[in-house]
Each structure stands twice: as structure tokens, then as C-alpha cells.
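# Fold and geometry: a report
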Amino acid sequence: GQQVMQIPQYQHVQEGEDFTTYCNSSTTLSNIQWYKQRPGGHPVFLIQLVKSGEVKKQKRLTFQFGEAKKNSSLHITATQTTDVGTYFCAPLRNYQLIWGAGTKLIIKP
Amino acid sequence: EAEVAQSPRYKITEKSQAVAFWCDPISGHATLYWYRQILGQGPELLVQFQDESVVDDSQLPKDRFSAERLKGVDSTLKIQPAELGDSAMYLCASSFGLAGVSYNEQFFGPGTRLTVL
């Protein structure tokens, strides 16, 4: 079946440093969504990527979909305390989202 | 802004008891999802409805879990009997798109935190 791995599992950064999480699949993806879950909160939709090589930006967040549509990434520039949380990539398969364990962004005190 | 409502927010029960969770999706959303999320993991889909019909319940432990969306609006998820391993966050989500026709973002409710003692 479709396998999706998200790395790293955790990333500790100083406030102001950049953060990147990667989502890798063993099969070609038709569609991938990204969600953010704050500590104690629920997942909140960030973006949907559909096209090969697609790049979308939301302020300090940059989302990419690989040319082969087998991987995706989320990059946050100059992290802020409000960025703390777990970021999930969720590829679409048979009209359902496949959720991994996510990458937890932790800001060092 | 429209939100997905869930109740209760917290539930503590003893094993072998019955529990029920309620979800009211955003008005007009045809698709409703129930997820279970264990701490440190991503959401796991339990059941997906389109209107009042079950689209997928392949991951629902049917010996103890049941779900219904009788009028195609709000939904109830029940566990009977509850087991220790059922302790988790139960999330409800809804989306405007119809399964198999289009796909849209999912809007999540605040969840019900279940603790089974």
C-alpha cells in the first residue's frame, strides 16, 4: 500500500531560525494537504498541492510538491513562537487523507 | 465563522461502560469523518459518511464501535464496552466536497478526550 514518511519527527529551533519538514512517498501522489495542530488543539488546514513542481507561499511558509509528485516539503522562515505545533502532511488516496505522525516544531527557550 | 461542534469535550469512564460522542458539522457539509488520535500520532480515520451513508468504515472496530448520521447532519459515535486501549482524542471533521466527486479541506472540531480507567 501507499507508504508516507514524514521527517524529522521532532525539530528544536531557536526563535528566528528556519524550519523544514519533509514528506516522502513510495508511490506517486495525486494530491497532498498540509495541516497544523497546535498543542492541545485540533488539526487546521494550511494548503493543498496538486500540480507537479508546485510551490505555494503563505507569508513565511513555503510549500513545495516534488516534480515526480512523490515528495513534498514545508519550510518556515524565521520561526516565531506562534509556529509551535505539529505539522502533518496528508496525501490523498481513494478520497481519504493518509495521516503520518507529523513533525513537531519546538522553539528552544 | 462556522465551526464543527463536538460534545462532550472530556469524558472519563470505566472499562466495560458505554460512551457516546456527538458531532455537528458545518452547515452544508456533506462529508463527515470520525478520527481517533493517540498522543504523538496522526489522526486515524474510523468512519466516513457522505450525507447519511457510510462511505468507509473499514477501520472501525465494529465489535464495539458504532456510528450513525441518521438525517445526514449531526452524527454520534458510540463505544460499548469501552476498553483501556480506547483512551484517545476522538476528532470529528467535515468537508464540503462529496466523496468521489471532489475533494476539499477538512474542518475539525475541538475533539473529545476519552480516558478509560
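Everything below is about the structure shown above.
Residues numbered from 1 in each chain as written. Chains lettered and ligands numbered in written order. Predicted model: local features only at pLDDT ≥ 70, side-chain atom pairs only at ≥ 80, totals over all residues. Heavy atoms only, no water.

### A short note on unusual backbone geometry
All names here are of chain A.
- Of the consecutive residues I7 and P8, the connecting peptide bond is found in the cis state with omega at -5°.
- Mapped onto the fold, P8 is located in the loop between β1 (4-7) and β2 (10-13).
- One non-glycine residue, K69, adopts positive backbone phi at about 55°.
- Here K69 lies in the loop between β7 (61-65) and β8 (71-76).
- The class for K69 is buried, based on a relative accessible area of 19%. (Helix = DSSP H or I, 4+ residues; strand = E, 2+ residues; numbered from the N terminus. Buried < 20%, exposed > 50% of the residue type's maximum accessible area, 1.4 Å probe, protein only.)

### Let's talk about the nonpolar core
- With 20 residues, the main nonpolar core has B:F21, B:W34, B:L77, B:I79 and B:Y90 as its most contacted residues.
- Put simply, the parts of the chain that give this core at least two residues each are β3 (19-24), β4 (31-37), β5 (44-50), β8 (75-79), β9 (88-95) and β11 (112-116) of chain B.
- Not counting the four nearest positions on each side in its chain, B:L77 is found in contact with B:V19, B:A20, B:F21, B:W34, B:L46, B:L60, B:F65, B:S66, B:A67 and B:Y90.
- Counting residues in each nonpolar core, the second largest holds 18 residues, with A:V13, A:I32, A:I47 and A:I107 among its members. (Core = buried A, V, L, I, M, F, W, Y, C linked by side-chain atoms within 4.5 Å. Contact = heavy atoms within 4.5 Å.)

### Focus: the sheet that holds β3(B)
Residue and element names in this part refer to chain B.
- The four strands are arranged β1-β3-β8-β7 in an open sheet whose pairing can be described as antiparallel. Either end of the sheet is taken by a strand with one partner, and the two such strands are β1 (5-7) and β7 (65-68). Within this sheet the neighbouring strands show an average axis-to-axis angle of 15°, counted without direction.
- The sheet contact formed by β1 and β3 spans three bridges and is antiparallel. Considered in β3, the bridge of A5 is made with D24. (Pairing = 2+ DSSP bridges. Axes fitted to C-alpha atoms, helices over the stretch in contact; angles between N-to-C directions.)

### Overview of the state of the cysteines
- Applying the stated rule across the entire model yields two disulfides over all chains.
- Across the disulfide from A:C23 sits A:C89; the S-S distance is 2.0 Å. Taking the sign of the S-S torsion, 70° for the link of A:C23 and A:C89, the bridge is right-handed. With A:C23 in strand β3 (residues 19-25) and A:C89 in strand β9 (residues 85-93), this pair connects stretches of sequence that are 66 residues apart. Summarising the burial analysis for this pair, A:C23 and A:C89 share the class buried.
- Each disulfide pairs two cysteine sulfurs, and for B:C23 the partner residue is B:C92, the sulfurs being separated by 1.9 Å. Disulfide B:C23-B:C92: the torsion about the S-S bond is -70°, which places it as left-handed. Of this pair, B:C23 sits in strand β3 while B:C92 sits in strand β9, and the two are 69 residues apart along the sequence. Residues B:C23 and B:C92 agree in their burial class; the two are buried. (Disulfide = S-S within 2.5 Å.)

### Observations concerning the sheet that holds strand β6 (residues 55-58) of chain A
Residues and elements named next belong to chain A.
- Read across the sheet, five strands follow the order β1-β3-β8-β7-β6 without closing on themselves; strand pairing throughout is antiparallel. What marks the edges here is a single partner per strand, and that holds for β1 and β6. The mean angle between the axes of side-by-side strands here comes to 10°, regardless of whether they run parallel or antiparallel.
- The pairing of β3 with β8 spans six bridges and is classified as antiparallel.

### Side note on the environment of B:I38
- Note that B:I38 resides in the loop between β4 and β5.
- Sequence separation between B:I38 and B:S87 is 49 residues, and the spatial gap between their C-alpha atoms is 7.8 Å.

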